[in-house]
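Chain by chain, the residues run as shown.
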Amino acid sequence: MKSIMAKIVLILLIGVALSGCYTIVWTPKDNFPTADNSNYQDNGYYPSPYYGEYNYYYNYPWWYSIAPPAQSYIRDSNQGQQSMRNELGDRNNSGRTGMLQPGLPAYGTSSSSATSGSSTVTKDSSGNRVQTTNSNNNTRSSNTNNNNTLRNNNGSRNNNDGRK
Amino acid sequence: MKSFSSYCSKLITAAAVVFCITTVSAQNQNDALRLGIPGLGSNARALGMGDSYIGLSDDAGAAFFNPAGWGLLKSLEFTGGLSYNTYGNNTTFMNEYSNYSNSATRLSDLSFALPFPTIRGSLVFAVSYHTTKDFTGALKFNGYNGSNNSMIQNLNDNYSNIPYDLYLTDTNFNTAINGRLNQSGSILESGALHNWTFSGAIEAYKNLFVGLNLNFISGTYNNNNDYYEDDLKGIYSNVETDPGNAATMGFRKFYLNRILNWDISGWDAKFGVLYQIQNSARVGLTVQFPKTYTVKESFTVNGYSLFNTGQQYNLNSSNYSDNVQYDIVTPFELGAGFSVNVASLILSGQATIIDYSQLKFDNADGLSTQYIASQNKNIKDLLKSVINYNVGAEYTFPVIGIRLRAGYFVQPSAYQGDPSSFDRQYVTGGIGYLAGGSVAIDLGYAHGWWSTYGDNYGTDLSRTYQDIKNDQLILSMTYRF
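Residues numbered from 1 in each chain as written. Chains lettered and ligands numbered in written order. Predicted model: local features only at pLDDT ≥ 70, side-chain atom pairs only at ≥ 80, totals over all residues.

Turning to the overall build of chain A, a few remarks are in order. Scanning chain A from N- to C-terminus turns up 7 helices and 3 strands. In sequence order, chain A lays out its α and β elements as α-β-α-α-α-α-α-β-β-α. Relative to its 164 residues, chain A shows a buried fraction of 18%. Taking contacts inside chain A between residues at least 6 apart in sequence as the whole, the part at least 24 apart equals 55%. (Helix = DSSP H or I, 4+ residues; strand = E, 2+ residues; numbered from the N terminus. Buried ≥ 20, exposed ≤ 12 C-beta atoms within 10 Å, placed from the backbone. Contact = placed C-beta atoms within 7 Å.)

Further remarks concern the overall build of chain B. Within chain B one finds 6 helices and 20 strands. Relative to the 2.2 N^0.38 estimate, which gives 23 Å for 481 residues, the radius of gyration of chain B is 26 Å and therefore close to what a compact globule would have. Overall, the C-alpha framework of chain B stretches about 90 × 50 × 45 Å when taken along its three principal axes. In chain B, which comprises 481 residues, the share counted as buried stands at 47%. Put simply, 71% of the contacts in chain B that link residues at least 6 apart link residues at least 24 apart. (Rg over C-alpha atoms; globule rule 2.2 N^0.38 Å.)

Our focus in this paragraph is the interface of chain A and chain B. Opposite the 35 residues of chain A that make contact, chain B presents 42 residues. Elements supplying a minimum of two residues to the side of chain A that touches chain B: helix 1 (2-19), strand 1 (24-25), helix 2 (48-51) and helix 3 (53-59) of chain A. Here the side of chain A that touches chain B is built from residues that sort into 24 nonpolar, 8 polar and 3 charged. (Nonpolar A, V, L, I, M, F, W, Y, C, P; charged D, E, K, R; others polar.)

All names here are of chain B. Across the 8 residues that make up helix 2 (residues 29-36), a large majority, 7, are buried. By the burial criterion, the buried members of helix 2 are Gln-29, Asp-31, Ala-32, Leu-33, Arg-34, Leu-35 and Gly-36. Tucked inside the fold, the buried residues of helix 2 contact strand 7 (208-230), strand 10 (292-307), strand 12 (322-329), strand 15 (360-365) and helix 6 (369-382).

With that settled, consider the nonpolar core. The biggest cluster of nonpolar side chains holds 34 residues, and the ones touching the most others in it are Trp-70, Val-124, Ala-201 and Val-210 of chain B. Counting 23 residues, the second-largest nonpolar core is a separate cluster that includes Leu-193, Ile-264, Tyr-293 and Leu-382 of chain B. (Core = buried A, V, L, I, M, F, W, Y, C linked by C-beta atoms within 7 Å.)

This brings us to the pairing of strand 2 (residues 96-115) of chain B. Residues and elements named next belong to chain B. Here 17 bridges tie strand 1 (residues 77-93) to strand 2, and the two strands are oriented antiparallel to one another. Following the sheet pairing, Tyr-87 is matched in strand 2 by Asn-102. Between strand 1 and strand 2, which follow one another and run antiparallel, lie 2 residues, and Met-94 among them has a positive phi close to 55 degrees. Summarising the sheet, strand 2 and strand 4 (residues 123-134) pair through 7 bridges and their orientation is antiparallel. Across the sheet, residue Leu-114 finds its bridge partner in strand 4, namely Phe-125. (Pairing = 2+ DSSP bridges.)

Residue and element names in this part refer to chain B. Counting through the fold element by element, Leu-367 comes out in the loop between strand 15 and helix 6. Sequence separation between Leu-367 and Gln-325 is 42 residues; the distance between their C-alpha atoms is 8.1 Å. Leave out the neighbours within four places in its chain, and Leu-367 touches Val-324, Tyr-326 and Ile-372.

Turning to the environment of Asn-238 of chain B, a few remarks are in order. Residue and element names in this part refer to chain B. Checked against the element boundaries, Asn-238 lands in the loop between strand 7 and strand 8 (251-277). For Asn-238, a count of 9 C-beta atoms within 10 Å translates into the label exposed. C-alpha separation for the pair Asn-238 and Ser-75, spaced 163 residues apart in sequence, amounts to 78 Å.

Positive phi values are uncommon outside glycine, yet Asn-363 of chain B reaches one of about 50 degrees. Relative to the helices and strands, Asn-363 of chain B resides in strand 15.

Turning to the environment of Pro-331 of chain B, a few remarks are in order. Residue and element names in this part refer to chain B. By secondary structure assignment, the location of Pro-331 is in the loop between strand 12 and strand 13 (333-342). A residue is classified by how many C-beta atoms lie within 10 Å of it, and Pro-331, with 22 of them, is buried. Distance from Pro-331 to Asn-261, taken between C-alpha atoms, is 24 Å for residues 70 residues apart in sequence. Setting aside residues no more than four positions away along its own chain, Pro-331 makes contact with Pro-290, Ile-354, Asp-355, Tyr-356, Gln-358 and Leu-359.

Here we come to the confidence of the model for chain B. Residues and elements named next belong to chain B. Taken residue by residue, chain B gives an average pLDDT of 93. The fraction at 70 or more is 95%. Every residue in residues 1-24 scores below 50 in pLDDT, and together they form 49 contacts with partners more than four places removed in sequence or on other chains. Across the interface, the model reports ipTM at 0.83; the global pTM reads 0.80. (pLDDT = per-residue confidence, 0-100.)

This paragraph deals with the confidence of the model for chain A. Confidence in the prediction for chain A averages 55 pLDDT; 29% of positions are at 70 or higher. Predicted confidence is poor over residues 79-164 of chain A, with pLDDT under 50, and the contacts of this stretch with residues over four places away or in other chains come to 91 contacts.

Structure representation (structure tokens):
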């Protein structure tokens with residue numbers, strides 16, 4: 001009996017080793033699996049019509065009920081750091097421009113966009129409005145970075161799609 | 001004719017050994033069986049379904065039945081449980097009836113499971129502390145043995161100095177005692193085996209789960225055996241058991257108390273596979289690797305003799321008590337099971353092969369190599385391979401969240417030639433309720449019965465015939481979040 005059991009275990013282990021494992025564990029490099037983007041399927045053993053709440057009890061992954069961790073910054077740590085630096089810069093700009101032009105509309109919905117809109121305009125000694133180029137560049141750079149970050153998020157999903 | 005004589009021979013051989021729980025002295029195959037026979041586990045849902053769980057195991061029961069079942073978990077799971085175990089023994093001894101019972105309540109299960117977030121498949125780790133086996137037991141007997149044998153004579157014949165030390169023999173180790181004594185006694189057993197189980201399971205292919213339980217075992221076993229022989233008929237009232245010693249005139253009572261304490265530790269591993277077929281069936285396979293138990297045994301003997309003169313002689317306990325240590329290694333166990341879900345009804349079944357003749361003593365300290373070898377030979381000669389089988393069912397009422405369960409299972413006797421009445425049979429039932437979609441409360445109950453017998457000494461000289469009833473109740477609460 002020992003040899004039979006040993007053979008069974010060996011066959012299973014070899015099978016897994018040769019074909020690779022079916023399971024793909026989420027890592028911070030991947031987009032966090034949510035109900036919207038996950039490939040997970042209910043195994044169907046406790047179908048809802050017959051089991052009511054038991055279906056949820058057995059089949060609902062616990063990580064669906066939590067907010068995805070902020071992996072967008074972890075996704076590309078370099079860009080994440082740039083983004084944070086820009087935000088720091090924006091806060092400085094915001095402090096100046098907010099005082100100068102508090103009522104200017106924001107270019108976008110993000111805080112960095114709003115900051116960029118207000119931070120780029122100032123007055124010269126003659127009273128004309130001028131744009132502070134560096135400030136604008138910084139601000140737009142910040143926007144760009146943020147957009148990149150968002151695209152990276154989408155890219156993460158694309159990567160997942162690529163695995164399909 | 002030959003097969004009948006062979007059968008009788010086996011019966012006689014089986015009877016020739018000390019059987020069941022009535023003797024506490026040297027190690028024998030019953031000690032190995034005590035650890036080798038599987039326990040009932042500690043999962044209320046599984047118990048309600050007749051412990052037929054290898055093909056289901058989608059909760060903390062995976063720590064005992066099939067580790068691959070952990071892979072089916074998608075929620076964080078915390079489980080806690082209590083068990084209540086009663087053991088009743090109706091004994092017939094010399095046509096006299098006695099009954100005795102014992103019970104134990106204990107924390108049966110604490111476990112936590114952590115499924116890792118996966119993009120595909122399943123990876124789950126878990127840790128559990130659970131009771132795998134309960135040693136609660138009891139025996140009481142009282143009857144007049146009119147034959148010309150006794151424990152005193154048996155000890156004396158087997159070169160024990162106990163009768164001599166109690167002045168029940170002369171200085172040449174001859175005893176005037178020749179049976180015809182009232183014999184009575186009781187045994188209380190307690191203790192349990194507990195596992196710290198560390199588990200991991202993964203979905204290796206789609207719907208194919210593999211898992212491993214690594215168990216670290218701890219436990220205790222205690223056996224308190226009181227035995228009395230009384231001359232109620234005054235047969236020895238005019239006899240000096242130590243001729244020339246007037247204080248030994250009129251033997252009245254012989255008492256022997258033996259206390260056996262085990263401190264048990266060990267480890268083992270269990271490998272499991274579970275495959276879900278379509279949406280409605282699962283099959284499971286488990287390999288229980290040999291369990292290695294290290295037993296630190298403390299054996300204490302006390303006793304006295306009492307005479308009509310009022311004289312009492314007490315035994316010097318230190319002369320007959322000792323501490324030894326040895327390993328008991330159990331055989332491989334191969335289990336296979338299935339479950340089928342038809343609408344709201346789950347039906348499950350399983351079978352487990354255990355070859356008890358592969359039980360063995362090993363690594364003894366304080367026991368001779370020859371003695372251990374002879375015990376292992378007895379195990380080979382007396383025990384056999386068995387197939388345990390379990391069946392169970394569960395019906396769910398989805399609207400009210402209630403589940404009803406029923407089951408039946410059999411653990412055949414490990415002894416060759418035993419009749420089927422010696423098989424341990426259990427009927428089980430249970431109920432479960434899901435509160436708020438995340439808290440499951442389960443109650444499992446099992447009623448078991450079987451027959452056995454035991455010899456106080458010798459072979460069929462002072463035998464107790466026992467009808468055992470065992471009831472176990474497990475209450476558990478599982479929180480998934």
